Protein chains: 2
Amino acid sequence: MNLKEYLSARIARVEAALERWVPAETVAPQTIHRAMRYSLFAGGKRIRPVLCMGAAEALGAAPAGIEDAACTLEMIHTYSLIHDDLPALDNDDLRRGRPTNHVVFGEAMAILAGDSLLTLAFEVLGKLPGASEPVRAKLVAELATASGTVGGMIGGQVHDIEGERQTPTAELLEAIHRAKTGALLRVSVRMGAIYAGATAEQLDALTRYGEHMGLAFQIVDDVLDVEESSETLGKTAGKDQAQQKITFPAVYGLEQSKAMAEQERLAAHAALDPFGDAAAPLRELADFIVKRKA
Amino acid sequence: MNLKEYLSARIARVEAALERWVPAETVAPQTIHRAMRYSLFAGGKRIRPVLCMGAAEALGAAPAGIEDAACTLEMIHTYSLIHDDLPALDNDDLRRGRPTNHVVFGEAMAILAGDSLLTLAFEVLGKLPGASEPVRAKLVAELATASGTVGGMIGGQVHDIEGERQTPTAELLEAIHRAKTGALLRVSVRMGAIYAGATAEQLDALTRYGEHMGLAFQIVDDVLDVEESSETLGKTAGKDQAQQKITFPAVYGLEQSKAMAEQERLAAHAALDPFGDAAAPLRELADFIVKRKA
């Protein structure tokens, strides 16, 4: 398979879904829709939606309307970036090579734009045209849990904030990662599987893939923060160290971190064995995630 | 009926539901759960959850588990207060007679506590033990739409922020109100009706009740801000005028505003005619809302 073609076809469907669901800039109140769109259409790689679609395809199906479910992951991811960048949190001025949301629209509008994207994600899942109502309810529960405080994304952010004042241990690092970035990557895969009607066994296998791939993703993210420039990353490099964040390089060193990422990539591949050729996109995505430079 | 007894019985069920769904302060990460609970259990009147339960009861049913659905309205209401009070928005230090969330927990944790309550509301609706999956999905779509940017709560907040710089007209006032407080009050009633299996006709009638009652609520809120002290209100009084907010007294004057509230109360009563005695709680609630002093 050609990953580049695969990605561009899937991303085009995700962009179209986002265009459909997010009110246009001409819809009142215009400022909030401009602010939502500014961060949503800022050149994100759409990794989470593509993982969602890839998981559905691994089951042999290419279910209609999956991009509607997939695009809610990008809404959640983008809301978390907008709020993370706020002065009261990471206080970052640069994201994906552009001024952050609050720099352009002010803090009040950035807070509300984040709230709006979070809310819209659930509106879309509640209405999901291509899914039955039971599937809609299941996806809502999955996404909300993965985004929440207990083992979910917000919980990870809080651990992360509080971790700045704690000794970096392997246990703390794993707890932070599993929640902060791991939960949303894992649920991306699970949502695709649920949308496509996975059996319990299939869902388990794809969840294992999601966990290993998610861990690889975070390790590589931490390594890139050390090794790459702000220009390449499109966001402030070296911030982890400056803020004394607990990272894989800080706990394991750079070389061991890279070896761990490779190990996780292979474990992710192994979890896909039952799915044969239909899982080729998920395999290539795991490779892409480990080899990316930004 | 005895409204006081009715309220205390319903509120007890809502408090119990909130206790069940919101992680305890001993659950990690503890800070965020403390912050969520600080604002959630701050002596709110639980008007929205009680309206939800009252609407279900107006249909002759007292469906089991309705308090789980009802308590999500309090989560959304509380998240909106926490974010509204932030320095970047209304910058308020006092709420329900206590220091606001960010004063106690810091801005970062207040932003995340709001995000968490918003997320948890949808987690609860997605899992709603007493409802079928189709009802869960419908409630998610209803609540998200009412909380969103187009005619919903966030849209109203944005109109409100932008309205501070505009001429106060009756049209602008109505648009702000309908979205900012009206949408959530209206959906409180609708969610109860949907949970209880309302017909389209019943849902329409209860929605009309919700709209008139919601308008009465906002007019009275604006009047209280002018007439009552901060001590009575438990929040800073006279802020609307200080911030040049568009309010009913500003557009219509105090006396005409009070007459309008009374008119809306009567219209709310009229919408309940088809439900007979079963709607007695909703009638009393509309009266209570118009006659309250805080």
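Definitions and cut-offs
- Residues numbered from 1 in each chain as written.
- Chains lettered and ligands numbered in written order.
- Predicted model: local features only at pLDDT ≥ 70, side-chain atom pairs only at ≥ 80, totals over all residues.
- Helix = DSSP H or I, 4+ residues; strand = E, 2+ residues; numbered from the N terminus.
- Rg over C-alpha atoms; globule rule 2.2 N^0.38 Å.
- Buried ≥ 20, exposed ≤ 12 C-beta atoms within 10 Å, placed from the backbone.
- Contact = placed C-beta atoms within 7 Å.
- pLDDT = per-residue confidence, 0-100.
- Nonpolar A, V, L, I, M, F, W, Y, C, P; charged D, E, K, R; others polar.
- Least-squares fit on C-alpha atoms with pLDDT ≥ 70 in both.
- Expected span 1.5 Å × (residues − 1).
- Bend = angle between axes of the 7 residues up to and from the residue.
- Axes fitted to C-alpha atoms, helices over the stretch in contact; angles between N-to-C directions.
- Parallel < 35°, antiparallel > 145°, perpendicular 65-115°, else oblique.

(A) How the structure looks around the overall build of chain A. Scanning chain A from N- to C-terminus turns up 15 helices and two strands. In terms of overall size, chain A behaves like a compact globule, its C-alpha atoms giving a radius of gyration of 18 Å where 294 residues would be expected to give roughly 19 Å. Counting only C-alpha atoms and orienting by the principal axes, one finds that chain A spans roughly 50 × 45 × 35 Å. Here chain A holds 294 residues, and 56% of them are scored as buried. Put simply, of all contacts in chain A between residues at least 6 apart along the chain, 71% involve residues at least 24 apart.

(B) Structural view of the confidence of the model for chain A. Mean pLDDT for chain A: 93, with 97% of residues reaching 70 or above. Overall fold confidence for the complex sits at a pTM of 0.95, while the interface term, ipTM, reaches 0.95.

(C) Structural view of the interface of chain B and chain A. Opposite the 43 residues of chain B that make contact, chain A presents 43 residues. Listed by contribution, the elements that provide at least two residues to the side of chain B that touches chain A are helix 2 (30-40), helix 6 (107-127), helix 7 (133-147) and helix 8 (153-163) of chain B. For the side of chain B that touches chain A, the element with the most residues is helix 6 of chain B, which contributes 14 residues. Here the side of chain B that touches chain A is built from residues that sort into 23 nonpolar, 13 polar and seven charged.

(D) Up close: the relation of the copies chain B and chain A. In screw terms, the move from chain B to chain A is a rotation of 180° and a rise of 0.0 Å along the axis, fitting with an RMSD of 0.0 Å. The relationship between the two copies is best expressed as a two-fold rotation axis. Across chain B, the rotation axis passes nearest the C-alpha of B:Ala137, at a separation of 2.5 Å. Residue by residue, 100% of the interface of chain B is reproduced at the interface of chain A, so both copies engage with the same surface.

(E) Representation of helix 8 (residues 153-163) of chain A in the model. Of all the eleven residues making up helix 8 of chain A, ten are buried; the element is thus mostly covered by neighbouring parts of the structure. Close packing links the buried residues of helix 8 of chain A with helix 4 (66-84), helix 7 (133-147) and helix 9 (170-195) of chain A together with helix 2 and helix 6 of chain B.

(F) Broad picture of the environment of B:Pro23. Tracing the backbone shows B:Pro23 in the loop between helix 1 (3-21) and helix 2. When the 19 C-beta atoms within 10 Å are taken as the criterion, B:Pro23 is described as partly exposed. Those residues in contact with B:Pro23 that sit more than four places away from it in its chain are A:Thr149, A:Val150 and B:His33.

(G) Broad picture of helix 9 (residues 170-195) of chain B. All names here are of chain B. With 26 residues, helix 9 should cover 38 Å at 1.5 Å per step; its first-to-last C-alpha distance of 35 Å lies within 8% of that length. Within helix 9, the axis deviates most sharply at Gly182, by approximately 55°. Burial within helix 9 is extensive, with 22 of its 26 residues counted as buried. Phi turns positive, to about 80°, at Gly197, one or two residues after helix 9.

(H) Just the packing of helix 14 (residues 254-271) of chain B against helix 15 (residues 280-291) of chain B, in detail. Residue and element names in this part refer to chain B. It is at 9 Å that the axes of helix 14 and helix 15 come closest, and there the two elements cross at 170°. Classified by the angle between their axes, helix 14 and helix 15 sit roughly antiparallel to one another. In contact with Ala261, Glu262, Arg265, Ala268 and His269 of helix 14, helix 15 contributes Arg283, Ala286, Asp287 and Val290. A class-by-class count of the residues in the contact of helix 14 with helix 15 yields four nonpolar, one polar and four charged.

(I) Structural context of unusual backbone geometry. Here A:Ala28 and A:Pro29 are connected by a cis peptide whose omega angle stands at -5°. Residue placement: A:Pro29 occurs in the loop between helix 1 (3-21) and helix 2 (30-40). You will see that B:Asn91, though not glycine, has its phi angle at about 50°, which is positive. By the element assignment, B:Asn91 lies in the loop between helix 4 (66-85) and strand 1 (94-95). We classify B:Asn91 as partly exposed; it has 15 C-beta atoms within 10 Å. Within the chain, B:Arg96 stands out as a residue other than glycine whose phi angle is a positive 50°. Relative to the helices and strands, B:Arg96 resides in the loop between strand 1 and strand 2 (98-99). On the basis of neighbour count, B:Arg96 is assigned to the partly exposed category, with 15 C-beta atoms found within 10 Å.

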